[in-house]
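Breakdown of the fold
So the chains spell out like this:
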Amino acid sequence: MQFVTADTHFFHSDLLGVDDFAPRPFPNVQVMNQTIIDNWNAKVAPNDTVYHLGDIALYFTKPAKESHAAVLDVLNQLNGHLVLIKGNHDSRDLFKYLAAHNYEFGGAPKFRFHDVGVLLKYDHRQYYLTHYPLMLGIAPQIINLHGHIHHYAVPVKENINVGVDSPELDYLAAKPAFGEPLNFAEVEQMVEGKAADFAKRQ
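Residues numbered from 1 in each chain as written. Predicted model: local features only at pLDDT ≥ 70, side-chain atom pairs only at ≥ 80, totals over all residues. Heavy atoms only, no water.

Quick notes on the overall build of the protein chain
Secondary structure summary: the protein chain contains 4 helices and 11 strands in total. Against the compact-globule benchmark of 17 Å for 202 residues, the protein chain has a radius of gyration of 16 Å, which places it among compact chains. Once the C-alpha set of the protein chain is aligned to its principal axes, its extents read approximately 55 × 40 × 30 Å. Residues classed as buried in the protein chain amount to 49% of the 202 residues present. A sequence separation of at least 24 residues applies to 60% of the contacts in the protein chain between residues at least 6 apart. Accessible area of the protein chain: about 9500 Å², with a carbon and sulfur share of 55%. In the protein chain, which carries 16 positive and 23 negative side-chain charges, the distance between the mean positions of the two groups comes to 5 Å. (Helix = DSSP H or I, 4+ residues; strand = E, 2+ residues; numbered from the N terminus. Rg over C-alpha atoms; globule rule 2.2 N^0.38 Å. Buried < 20%, exposed > 50% of the residue type's maximum accessible area, 1.4 Å probe, protein only. Contact = heavy atoms within 4.5 Å. Areas by Shrake-Rupley, 256 points an atom, 1.4 Å probe, with all protein chains shown as cover. Lys, Arg positive; Asp, Glu negative; His and termini not counted. Charge placed at Lys NZ, Arg CZ, Asp CG, Glu CD.)

Here you go:
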C-alpha cells in the first residue's frame, strides 16, 4: 500500500505543549518520537511505501553527524520504504547522510529523495505531493497534498494538509492516531469532505 504524511518533526522539543500552531501534548521528545513510531508501525507494513512531505526532524548537534545518526535510527524503526520530499527544516546534509546509509530490501531502497515534489496518479486522481502548499490555479484534476502549515488549512478545496497535526484530519470519519500516515482511501475522504464543506459555503 501507499501512504502519505508530513511534519513529523522528530526531536523538536520547542513544539511540545499546547498552542495554536502545532499542539503536541507530550512530556518529552522521546515519548513523542516513540508515539509516532508505534502509531506508524501499527498501520504501515514493512514493504509499503510512505511519502513523507517534509520536516522529518528538527535536531542539531555538533558534530552534525550525531543528530543525523539519531534521525536515521528513528527512520530505520519506521516500517516501509520512505519517499522523502524536502521540507524547509530538512537540510541537504541530512539527505546526503541518509543517502550514504541507504540500503535495499523487498526490491526497493529504504529512502528515495525529491527536492520539490512528486506527481502521483492514484485511482482516478492526480496528486501533486509537496512540502509547501501550492497555488495550482485552474487545475481541478490535480489535488495538492502538502504539509508545512501544521494546525492551519489553505482556504482552497484542492489543497489538502496531510501533516500529522493537520486540522483537515477532522474530515475523516475516524481520526487517525498521532503520527499515523494516511492511506489514499483516507486522502480521498479528506478531498471529498473538504469539497462538500466548501460547497456548503457558496
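Points about the sheet that holds strand β2 (residues 49–52)
Taken in spatial order, the 5 strands make up an open sheet running β6-β3-β2-β1-β11, and their pairing is mixed. Here the strands that pair on one side only, and so sit at the sheet edges, are β6 (111–114) and β11 (182–183). With 4 bridges connecting them, β2 and strand β3 (residues 81–85) associate as parallel partners. The partner of Thr-49 across the bridge, within β3, is His-81. In the packing of helix α3 (residues 92–100) onto the sheet, the strands contacted are β3 and β6, and the crossing angle to β6 comes to about 150°. (Pairing = 2+ DSSP bridges. Axes fitted to C-alpha atoms, helices over the stretch in contact; angles between N-to-C directions.)

Some words on the environment of Phe-111
For Phe-111, the location among the structural elements is in strand β6. Spatially, the C-alpha atom of Phe-111 lies 9.3 Å from that of Gly-80, the residues being 31 residues apart in sequence.

Considering the nonpolar core
Counting residues in hydrophobic clusters, the biggest one holds 26 residues, and the most contacted among them are Phe-10, Ile-56, Leu-75 and Leu-82. Contributions of two or more residues to this core are made by α1 (29–41), α2 (64–76), β3 and α3. Of all hydrophobic cores here, the second largest spans 21 residues; its members include Tyr-51, Leu-182, Phe-184 and Val-191. (Core = buried A, V, L, I, M, F, W, Y, C linked by side-chain atoms within 4.5 Å.)

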